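Results of the structural survey
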Amino acid sequence: MSNLEIRHEGPVSHVWLNRPTLRNAFDATTIAELMHTFTELASRDGLRVVVLGAHGKAFCAGADLNWMREMAGYSWDENHADATGLADMLWAIASCPVPVIARVQGDGYGGGVGLVAACDIAVGTPTVGFSLSEVKLGLTPATISPYVLRAIGERAARRYIVTAERFDATQAHHLGLLHEVVEPEALDATVDRLVQAIVANGPQAVRAGKRLIQEVAGQEITPALRDHTARHIADIRASDEGRAGLHAFLNKTVPAWQQG
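The following refers to the structure shown. Position labels on residues start from 1 in each chain and follow its written sequence. With pLDDT at 70 or above as the cut-off, local features in this predicted model cover only qualifying residues; side-chain atom pairs require 80 or more to be listed or tallied, and sums for whole chains, interfaces and linings still use all residues. With hydrogens and water set aside, each side-chain value is computed from the structure's full complement of heavy atoms.

**Comments concerning the environment of Arg7**
Cut-off, in case you're wondering: Secondary structure elements follow DSSP: runs of H or I of four or more residues count as helices, runs of E of two or more count as strands, with numbering from the N terminus. Polar contacts here mean pairs of N or O atoms no more than 3.5 Å apart (in protein, one a potential hydrogen donor and the other a potential acceptor; neighbouring residues in sequence count only if both atoms are side-chain atoms).
Of note, Arg7 is situated in strand E1 (residues 4-9). Between the C-alpha atoms of Arg7 and Val51, which are 44 residues apart in sequence, the distance is 9.8 Å. Here the side chain of Arg7 touches Glu9 through a polar contact of 2.8 Å, side chain to side chain.

What follows is the structure, given as structure tokens:
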């Protein structure tokens, strides 16, 4: 991968944006590589968690300048195909069957905000800043909007999408884009703590828990939804992992996934 660095450590995979001199900005190649990587990770046996990070001062500065120059001459069909690639890549991250943690060491702009929002958990440092900067260019953050709205809510999006204001880590934490803000020297330890918390849990239960959120979030609590959740817990209780976990808890033993 020319624009990514990928490292597998047992059940944990690390994906690094690796264009530091270009502030890890998107181009067609980076988007395709992220799409390919997360598609491959989705089918990786034994995977428990993915950490998405970036090398250099910026997390992701949005669209690469040269890529934007190319897009300036695109037809509608070419723009649609290009935007579909970005939309599909973000979905590949968001729908990854295991949790994805964003390790945010630097600023995120435009699509970079979308990357953070598409992850399940995000940790950043106090100096990072964000901007939904598209309207400054006469554009809109259309492809990232489902994830941004889900992360910060409609009310906050009504402000930051139309003003393109830069907001800092404290505000990002307040809005829900970042779950934690820690000093730079504590960033890796915090991410590792979250990784270890996830790995300590039942692997199939974690995957099922992520699916449950996707299926239930925003839904009206109807009889059909209540039955769906009842079926969900019945399935997991009756599974080999569910039975083993309950047995270990009741007998004060260590479940298999915490051994070794």
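**With respect to unusual backbone geometry**
For Arg23, which is not glycine, the phi dihedral falls at a positive 55 degrees. With respect to the secondary-structure elements, Arg23 resides in the loop between strand E2 (12-17) and helix H1 (28-42).

**Re H1**
Threshold: A helix is expected to span 1.5 Å multiplied by its residue count minus one. Under the scheme applied here, a residue whose accessible area is under 20% of the maximum for its type counts as buried, over 50% as exposed, and between as partly exposed, the area being computed with a 1.4 Å probe on protein chains only. As used here, the arc is the angular range of directions from the helix axis to the C-beta atoms. Contact between two residues is taken to exist if any of their heavy atoms lie within 4.5 Å; hydrogens are not considered.
Taking 1.5 Å as the rise per residue, H1 with 15 residues should run 21 Å; its terminal C-alpha atoms sit 21 Å apart, in good agreement. Where H1 is concerned, the buried positions are Thr30, Ile31, Glu33, Leu34, Thr37, Phe38 and Leu41. Down the axis of H1, the smallest arc covering the buried residues is 165 degrees, so these residues share one side. Contact partners of the buried residues in H1: E1, E2, strand E3 (49-54), helix H2 (65-71), helix H3 (76-94) and strand E4 (100-104).

**A closer look at the side chain of Ser131**
For Ser131, the location among the structural elements is in strand E7 (residues 129-131). Judged by relative accessible area, which is 2%, Ser131 ranks as buried. For Ser131, the residues in contact, after removing those within four places along its chain, are Gly108, Tyr109, Gly110, Val113, Ala164, Glu165 and Arg166.

**Details of the environment of Phe167**
Looking at the element boundaries, Phe167 is found in strand E8 (residues 166-168). Residue Phe167 is classed as buried on the basis of its relative accessible area of 3%. For the pair Phe167 and Ala217, spaced 50 residues apart in the sequence, the C-alpha separation amounts to 26 Å. Here Phe167 is in contact with Gly129, Phe130, Tyr160, Ala172, Leu175 and Leu177, once residues within four sequence places are set aside.

**Quick look at the pattern of salt bridges**
Quick note on the threshold: A pairing counts as a salt bridge when a side-chain nitrogen of Lys or Arg comes within 4 Å of a carboxyl oxygen of Asp or Glu.
With the rule as written, the count across this model stands at 11 salt bridges. The salt bridge partner of Asp120 is Lys210, with a shortest N-O separation of 2.8 Å. One end of the pair, Asp120, is in the loop between helix H4 (111-118) and strand E6 (121-124); the other, Lys210, is in helix H8 (residues 203-216), and 90 residues separate them in sequence. Take Asp120: its relative accessible area is 30%, and that puts it in the partly exposed class. Residue Lys210 is classed as buried on the basis of its relative accessible area of 7%. The salt bridge partner of Arg231 is Asp227, with a shortest N-O separation of 2.7 Å. Pair noted here: Arg231 and Asp227 are both in helix H9 (residues 223-238), with a separation of four residues, about one helical turn. Residue classification places Arg231 among the exposed residues on the basis of a relative accessible area of 54%.

Interpretation note: all reported values are geometric properties and have no functional meaning in isolation.
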